[in-house]
Amino acid sequence: MPAPKRQPDTLRIASINVNGIRAAVRGGMLAWIDQAEPDVMALQEVRATAEQLRTALPGWQIVNDEALAKGRAGVAIATRAPVSASHTGLAADELDSAGRWIEADLALGDARLRIVSAYVPTGEADTPKQDQKWGFLDAMTARLPQLASGGALALVMGDLNVGHRELDIRNWRGNVKKAGFLPRERAYFDRFFGPAGAPVEGVDGSTGTGLGWVDVGRRFHGEVDGPYSWWSNRGKAFDNDTGWRIDYHVATPALAERVRDYFIGRAPSWDTRWSDHAPVVVDYAL
């Protein structure tokens, strides 16, 4: 369905797992951009070089980080607002975060907005792939308080590959032992969104300290199923809206207070999609 009209004096920011930027552009992404008119896009699973990105998205200022393996992962931030600084890498060298985490500072008049495009590893329960995911979530836990220090306006977006609550996955009962909905994964998000500095008991029974960030989509929509942002290619998952909400805008409290609208750019039909994920778009009063 068409994107809603933007409210005056807002910045429209989209998070999109493009499932390959060149394929997305061939499939109709540019037409969606023309209609939705985002000012900033956090992109994941780009699978392209900086030169290929500039060719795919002419006219945008772009910062990106490629994965070490060609044709894999890749994150980028494309913006109409000027970038004053950017940073790649999430943690020490023992964690391979290449192509999975990029930060950029945007100068917006007298304000500075720090945004992140993140692509959390998918993981696979009880395998080394899941160990990589635990390490990535640990590194996020360490970085989030630094981003939020001093009451900063900060926003972490992306395909975070975890459905936080039962509301976030249509068929949650069949996924409680699978990566993406493991209780231990969900407990990280309990702490991300728990009251800052307070003890938080996770869904897995663990206890940690709340970080005070805001799940913009859940706050905006309340206690409802979804709205989902990814659908399996199996069966008729898209047609039946049997989806997962794994693409997020995660904001500091000061920024979350500036949210004016939130919508999922779901394609009108399965055959008109240009990615297996839908854009998650938020208007902020900035």
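Scroll up to find the structure this text is about.
The sections below set out a description of the structure shown in this document.

Thresholds, definitions, all that
- Residues numbered from 1 in each chain as written.
- Predicted model: local features only at pLDDT ≥ 70, side-chain atom pairs only at ≥ 80, totals over all residues.
- Heavy atoms only, no water.
- Pairing = 2+ DSSP bridges.
- Helix = DSSP H or I, 4+ residues; strand = E, 2+ residues; numbered from the N terminus.
- Contact = heavy atoms within 4.5 Å.
- Axes fitted to C-alpha atoms, helices over the stretch in contact; angles between N-to-C directions.
- Core = buried A, V, L, I, M, F, W, Y, C linked by side-chain atoms within 4.5 Å.
- Buried < 20%, exposed > 50% of the residue type's maximum accessible area, 1.4 Å probe, protein only.
- Phe/Tyr/Trp six-rings, centres within 6.5 Å; stacked < 30°, edge-to-face > 60°.
- 1 Å grid on protein atoms, 1.4 Å probe; cavity = no way out; pocket = protein on both sides within 12 Å on 5 of 7 lines; lining within 4 Å.
- Points joined across faces, edges and corners; volume = space filled by probe spheres on them.
- Nonpolar A, V, L, I, M, F, W, Y, C, P; charged D, E, K, R; others polar.
- Arc of directions from axis to C-beta.
- Parallel < 35°, antiparallel > 145°, perpendicular 65-115°, else oblique.

### Observations concerning the sheet that holds strand 6 (residues 101-108)
Then, in step 1: Across the sheet, six strands lie side by side as 5-6-7-8-14-11; this open sheet has mixed pairing. Two strands bound the open sheet, and with one partner strand each, they are strand 5 (83-88) and strand 11 (214-215).
Then, in step 2: As defined by bridge partners, strand 11 adjoins strand 14 (residues 247-251) across two bridges and the pair is classed as antiparallel. In the strand pairing of strand 14, D215 is matched with V250.
Then, in step 3: Of the strands in this sheet, strand 6, strand 7 (111-119) and strand 8 (153-159) are in contact with helix 4 (residues 128-148), which crosses strand 6 at around 20°.

### A word on the nonpolar core
Then, in step 1: Membership of the largest hydrophobic core comes to 38 residues, with the highest contact counts inside it found for I13, L113, I115, L155 and Y284.
Then, in step 2: Take this core: its biggest share by element is four residues, from strand 6.
Then, in step 3: Contacts of I13, omitting those with residues within four sequence positions, involve V40, L113, L155, M157, H249, V280, V281, V282 and Y284.

### Overview of the packing of aromatic side chains
Then, in step 1: Per the counting criterion, the structure on display carries ten aromatic pairs.
Then, in step 2: With centroids separated by 5.9 Å and ring planes inclined at 50°, the aromatic side chains of W32 and W274 adopt a geometry described as tilted. Of this pair, W32 sits in helix 2 (residues 29-36) while W274 sits in the loop between strand 15 (259-264) and strand 16 (280-284); the two residues are 242 residues apart in sequence, bridging distant segments of the chain.
Then, in step 3: According to the relative accessible area criterion, W32 is buried, its value standing at 12%.
Then, in step 4: Here W230 and W244 contribute two aromatic rings whose centre-to-centre distance is 6.1 Å and whose plane-to-plane angle is 80°, an arrangement assigned as edge-to-face. Within this pair, whereas W230 is found in strand 12 (residues 230-231), its partner W244 is found in strand 13 (residues 243-244), the two being separated by 14 residues in sequence.

### Here's the deal with the layout of surface pockets
Then, in step 1: Considering only enclosed or pocket space, the largest pocket measures out at about 720 Å³ in volume.
Then, in step 2: Mapped onto the lining of the largest pocket, the elements with two or more residues apiece are strand 12 and strand 13.
Then, in step 3: As a volume, the second largest pocket reaches approximately 430 Å³.
Then, in step 4: Forming the boundary of the second largest pocket are 17 residues, of which R72, A73, R100, Y119 and Q132 lie nearest the centre.
Then, in step 5: Looking at the lining of the second largest pocket residue by residue, the classes come out as seven nonpolar, four polar and six charged.

### A closer look at helix 2
Then, in step 1: Of all the residues in helix 2, the buried ones are M29, W32, I33 and A36. The buried side chains of helix 2 occupy one side of the element, clustering within an arc of 100° when seen end-on. Residues of helix 2 that are exposed and angled more than 90 degrees away from the buried face: A31 and D34.
Then, in step 2: Tucked inside the fold, the buried residues of helix 2 contact strand 1 (11-17), helix 1 (21-27), strand 2 (40-44) and strand 16.

### A word on the packing of helix 4 against helix 5 (residues 183-193)
Then, in step 1: Contact geometry for helix 4 and helix 5: axes closest at 11 Å, N-to-C directions at 5°. Taken together, the axes of helix 4 and helix 5 are roughly parallel relative to one another. Contact with helix 4, carried on its side by Q130, K133, W134, L137, D138, M140, T141 and L144, involves R184, E185, Y188, F189 and F192 of helix 5 and no other residues of that element.
Then, in step 2: Class assignment of the residues belonging to the contact of helix 4 with helix 5 gives a composition of seven nonpolar, two polar and four charged.

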